[in-house]
Amino acid sequence: MAFPADSPKLSSGPSPAAADALQRLLAIMARLRDPAHGCEWDRMQDFGSIAPYTIEEAYEVADAIARLDMASLKDELGDLLFQVVFHARMAEEAGHFAFVDVAQAISTKMEARHPHIFGDGGPQTEPREQRWEALKAAERSARGQSSAMDGVALALPALMRAEKLQRRAARDGFDWPDPSGPSAKLVEETLELAEATTPAERIEEAGDLLFAAVNLVRSYGIAPEDALRAANAKFERRYRAMERLAGGEFGQLTLDEQEHLWQQVKATERETG
């Protein structure tokens, strides 16, 4: 992915302006949460009510990146930073931790995960991903988490969480040796969904089918989330093209007529490359 070349000059480290800007943001958050003079809406919030906004802002950051929109990215990163400040402020009010503890914790973690940069570990010979996962496993062990399944966030989108669970299992050797295994499993789960009779059975079998599909895609070295995002974008692009061709009458066409437009749009895409 290419980014615009007219980027500002890179700074070599923290500046007084950056510290001042962060202090200003922390002060704004403190004022918004002030019991006597703050904003009524901000004072009402808790971790649970703010969490959906945090997730939404993260997706908006990703959307700005996908569109290579640097102006939007700046704004969306600010919105995401505000979410971090919001959570940290609520935690400080409850006596758990403050923003400075959050910053210190991630700094300590990053230094520990990069001993070849910040320590005296010397040049690294093992693959980066293997080294990274070993360090994260050690962190989980220090927290008393012994299962390979520990630490896979429940709030992750289901598609991403399925891939992470499967990758964790694969590191323990619990994986198909080649794509033929998950391919056969996908066919099996498709048949089981067709044979399901009750709503509960259909939900279970549908979940198994989707989980098997993630496994098959992953076996080809493809990130399922990336693949589905691309498919979503392609479907939306083609659907909008059909609507334009139909001149606002797409919903009134028969299914055969709609299918004809679909094939026409696909053919046009192939011709234009």
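Predicted model, so just to flag it, every value in this text is computed and none were measured.

The rules behind each value
Residues numbered from 1 in each chain as written. Predicted model: local features only at pLDDT ≥ 70, side-chain atom pairs only at ≥ 80, totals over all residues. Heavy atoms only, no water. Core = buried A, V, L, I, M, F, W, Y, C linked by side-chain atoms within 4.5 Å. Buried < 20%, exposed > 50% of the residue type's maximum accessible area, 1.4 Å probe, protein only. Helix = DSSP H or I, 4+ residues; strand = E, 2+ residues; numbered from the N terminus. Contact = heavy atoms within 4.5 Å. Phe/Tyr/Trp six-rings, centres within 6.5 Å; stacked < 30°, edge-to-face > 60°.

A. View of the nonpolar core. Of all hydrophobic cores here, the largest spans eight residues; its members are Leu25, Met29, Ile50, Val85, Phe86, Ala88, Met90 and Phe99. Among the elements of the structure, helix H1 (16-32) and helix H4 (70-93) are those that each provide at least two residues to this core. Of all the elements, H4 adds the most residues to this core, at four residues. Excluding residues that lie within four positions of it along the chain, isoleucine 50 makes contacts with Trp41, Gln45, Gln83, Phe86, His87 and Met90. Counting seven residues, the second-largest nonpolar core is a separate cluster that includes Met242, Ala246, Leu261 and Val265.

B. Looking closely at unusual backbone geometry. The phi torsion at leucine 68 lies on the positive side, around 55°, for a residue other than glycine. Locating leucine 68 in the fold gives a position in the loop between helix H3 (47-66) and H4. Leucine 68 gets classed as partly exposed once you look at its relative accessible area, which sits at 35%.

C. Fine view of the packing of aromatic side chains. Going through the model one piece at a time under the given rule, you end up with five aromatic pairs. Ring geometry for phenylalanine 235 against tryptophan 262: centres 5.8 Å apart, planes inclined by 45°, an arrangement best described as tilted. A residue pair is termed long-range when its members are at least 10 positions apart, and phenylalanine 235 in helix H11 (residues 224-246) and tryptophan 262 in helix H12 (residues 255-272) qualify at 27 residues. For tryptophan 262, a relative accessible area of 19% puts it in the buried group. Taking 5.1 Å as the distance between ring centres and 70° as the angle between the ring planes, the aromatic pair formed by tyrosine 239 and phenylalanine 250 counts as edge-to-face. Of the two residues, tyrosine 239 sits in helix H11 while phenylalanine 250 sits in the loop between H11 and H12, which places them eleven residues apart along the sequence. Pairwise contacts between aromatic rings join Phe235, Tyr239, Phe250 and Trp262 into one cluster.

These results come straight from atomic positions and should not be treated as a statement about function.
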